[in-house]
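Letter by letter, the chains look like this.
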Amino acid sequence: MQNGYSRQEMMAVFLARDLRDGEHLQVGYALPVAEAATRLAHIMHGPNMDLIFLGARMNVHNLDYIPMPEFGWDNRIVRWAESYSDRGHRFDRLKDWGKRVFFIGGLQVDRFGNTNLIGIGENFKKLEFRGPGSVGTPTLTTHVGRYYIILNHHSKRVLVEKCDYTSTVGWGNGDPKAREKLGLPGGGPKYCITPLCTMDFDEENKSMRLFSLHPGVEIAEVIENTGFKVIIPNNWNYTEEPSEEELDILRSRVDKAGILRKVK
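Residues numbered from 1 in each chain as written. Predicted model: local features only at pLDDT ≥ 70, side-chain atom pairs only at ≥ 80, totals over all residues. Heavy atoms only, no water.

**Focus: helix α6 (residues 244–254)**
Thought 1: Taken as a whole, α6 has its buried residues at Glu246, Leu247, Ile249, Leu250 and Val254. Looking straight down α6, one finds its buried side chains confined to an arc of 165 degrees; they lie on one side. The outward face of α6, more than 90 degrees from its buried face, is lined by the exposed residues Glu244 and Glu245.
Thought 2: Buried residues belonging to α6 abut α1 (7–18) and α2 (32–44). (Buried < 20%, exposed > 50% of the residue type's maximum accessible area, 1.4 Å probe, protein only. Helix = DSSP H or I, 4+ residues; strand = E, 2+ residues; numbered from the N terminus. Arc of directions from axis to C-beta. Contact = heavy atoms within 4.5 Å.)

**Let's talk about the pattern of salt bridges**
Thought 1: According to the stated counting rule, one finds 13 salt bridges in the structure shown.
Thought 2: We note a salt bridge from Arg261 to Glu9, for which the minimum N-O separation is 3.0 Å. Pair noted here: Arg261 is in the segment after α6 and Glu9 is in helix α1, with a separation of 252 residues, a long-range link.
Thought 3: When its relative accessible area of 32% is taken as the criterion, Arg261 is described as partly exposed. (Salt bridge = Lys/Arg side-chain N within 4 Å of Asp/Glu carboxyl O.)

**Section: the pairing of strand β10 (residues 146–150)**
Thought 1: With five of its five residues buried, β10 lies for the most part within the structure.
Thought 2: A two-sided burial pattern is seen for β10, the buried positions comprising Arg146, Tyr148 and Ile150 on one face and Tyr147 and Ile149 on the other.
Thought 3: As defined by bridge partners, strand β5 (residues 100–104) adjoins β10 across four bridges and the pair is classed as parallel. Bridging across to β10, Val101 finds its partner in Arg146. (Pairing = 2+ DSSP bridges.)

**Topic: the pairing of strand β2 (residues 50–53)**
Thought 1: By the alternation rule, side chains of β2 split into Asp50 and Ile52 and Leu51 and Phe53, which are all buried.
Thought 2: When strand β1 (residues 24–27) meets β2, the two strands line up parallel, connected through four bridges. When the bridges of β2 are listed, Leu25 appears paired with Leu51.
Thought 3: For the crossover that starts at β1, traverses α2 and ends in the parallel β2, the hand is right-handed. (Right-handed = clockwise from strand over helix to strand, strands pointing away.)

**Section: the nonpolar core**
Thought 1: Of all hydrophobic cores here, the largest spans 33 residues; its most connected members are Leu15, Leu19, Phe103, Tyr148, Ile150, Ile193 and Leu250.
Thought 2: The set of elements that each furnish at least two residues to this core consists of α1, β1, α2, β2, β5, β10, β11 (189–193) and α6.
Thought 3: For Phe103, the residues in contact, after removing those within four places along its chain, are Leu15, Leu19, Leu25, Gln26, Val27, Leu31, Ala34, Thr38, Tyr148 and Ile150.
Thought 4: Listed in part, the 25 residues of the second largest apolar core include Ile149, Val158, Val222 and Phe228. (Core = buried A, V, L, I, M, F, W, Y, C linked by side-chain atoms within 4.5 Å.)

Okay, structure coming up:
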């Protein structure tokens, strides 16, 4: 805990602030920071947001409590929902996905935001560690207006020079037009959010760049725990701490079980 809140709570608050009313926020499986952030944003400033969990679309702004299970979502969420649909994955509506925002993790993430959920090891037939697989992330990251990379750990094992395998293409080889050349219409990754900092992508070479340092973290800690050279600009800032209101809503209406305070 730092200053009375966990780093995962800090990450969720930062992310919630960056989400806009009216957007369609799609969260996959086992992403507690993203789940909490979307619910917090929906309550605080996004009554017209659509929340999409595992393909189910809903608007639940009117609920006093939006339950956040440890993994996935709970059907009690929609009991008094203003609206609910099980068509969150309608692939015949890809043309509308420009308004959709997505969130992903990764076993490995390289400097250009390419991610690996497949596995670790040189021999794909006998991986040292097998991941869950791409599980739909290539399609979503190809088409959505933007997405966020959210990591529970900031280490050289996760943030690597080159991924063993690529399950989603971020900015390819670092060419600002890499996605366009590959025919990927979506906006690509905006931030990589970790327990130490938030990084964005340099406009010229699309390499990760320090955007904000979380309170209590030193730049040396970020550099030491990253497997590639992070760009350190002159205009980086400290991440704004959660307000009392944000923490109160997060803990009383979103994360009563304290899931974000249990993450190690």
